[in-house]
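Spelled out, the chains give:
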Amino acid sequence: MSLKRWSLTILRIGLVARDTVLLGAIVDLDMLLLKEHTEAAGDRFEREPHRQALAQRFDCAEIIDIWRDDELIAYSYIWPKDDRWFVGGFAIRPDHRNAAIMSELLMQLLERTN
């Protein structure tokens, strides 16, 4: 295997591992934030179907994530639709809902859409 091919393989493995960790963290945060009130409204909210749905959406999405102390505290994902951006998800952990986190998340969104 050439050095270039080896490097690309290592890069892909790293990206897949990061994507897997990020997807798992987003599912965890969504379970925390959405499960109770979704089920109280009479709908089902299960981990694996939600993870699969997110994984499909993320194929074409820009994902913005904010971490503190190895914990995902906020995320958003967007994708282009026609001449606009569609916001598919936006979540902030309740104990981190403050102006600093909101500003950081919105600034990252703006950077991705310009």
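As the structure is a prediction and not an experimental result, all values here were calculated from the model.

1. Some details on the nonpolar core
Reasoning step 1: Ile 26, Leu 54, Phe 58, Leu 72, Tyr 75 and Tyr 77 are the most contacted members of the largest nonpolar core, which totals 18 residues.
Reasoning step 2: If you list the elements that add at least two residues to this core, you get helix 1 (3–40) and strand 2 (71–81).
Reasoning step 3: Element by element, the count of residues in this core is highest for helix 1, at eight residues.
Reasoning step 4: Formed by nine residues, the second largest nonpolar core is a distinct cluster that contains Ile 64, Ile 73, Ile 92 and Ile 101.

2. Thoughts on helix 3 (residues 99–113)
Reasoning step 1: The first and last C-alpha atoms of helix 3 sit 21 Å apart over 15 residues, in line with the 21 Å expected at 1.5 Å per residue.
Reasoning step 2: Here helix 3 has its buried residues at Ile 101, Leu 105, Gln 108 and Leu 109. One face of helix 3 carries all of its buried residues, which in axial projection span an arc of 100°. Structural note: helix 3 exposes Ala 99, Ala 100 and Glu 111 on the side pointing more than 90 degrees away from its buried face.
Reasoning step 3: N-cap assignment for helix 3: the residue whose side-chain oxygen lies 3.1 Å from the backbone N of Ala 100 is Asn 98.

3. Some details on the pairing of strand 1 (residues 62–68)
Reasoning step 1: Of the strand pairs in this sheet, strand 1 and strand 2 are connected by seven bridges, and their pairing is antiparallel. The residue of strand 2 that forms the bridge with Asp 65 is Tyr 75.
Reasoning step 2: The antiparallel pairing of strand 1 with strand 2 creates a hairpin that spans two residues between the two strands, and Asp 69 there sits at a positive phi of about 50°.

4. Notes on the environment of Thr 38
Reasoning step 1: By secondary structure assignment, the location of Thr 38 is in helix 1.
Reasoning step 2: Setting aside anything within four residues of it in sequence, one finds Thr 38 in contact with Asp 43, Arg 44 and Phe 45.

5. Quick word on the pattern of salt bridges
Reasoning step 1: By the definition in use, this model includes nine salt bridges.
Reasoning step 2: When salt bridges with common partners are traced through the structure, they connect Glu 71, Arg 93 and Asp 95 into a single cluster.

What counts as what
Residues numbered from 1 in each chain as written. Predicted model: local features only at pLDDT ≥ 70, side-chain atom pairs only at ≥ 80, totals over all residues. Heavy atoms only, no water. Core = buried A, V, L, I, M, F, W, Y, C linked by side-chain atoms within 4.5 Å. Buried < 20%, exposed > 50% of the residue type's maximum accessible area, 1.4 Å probe, protein only. Helix = DSSP H or I, 4+ residues; strand = E, 2+ residues; numbered from the N terminus. Expected span 1.5 Å × (residues − 1). Arc of directions from axis to C-beta. Polar contact = N/O pair within 3.5 Å; in protein donor to acceptor, adjacent residues only side chain to side chain. Pairing = 2+ DSSP bridges. Contact = heavy atoms within 4.5 Å. Salt bridge = Lys/Arg side-chain N within 4 Å of Asp/Glu carboxyl O.

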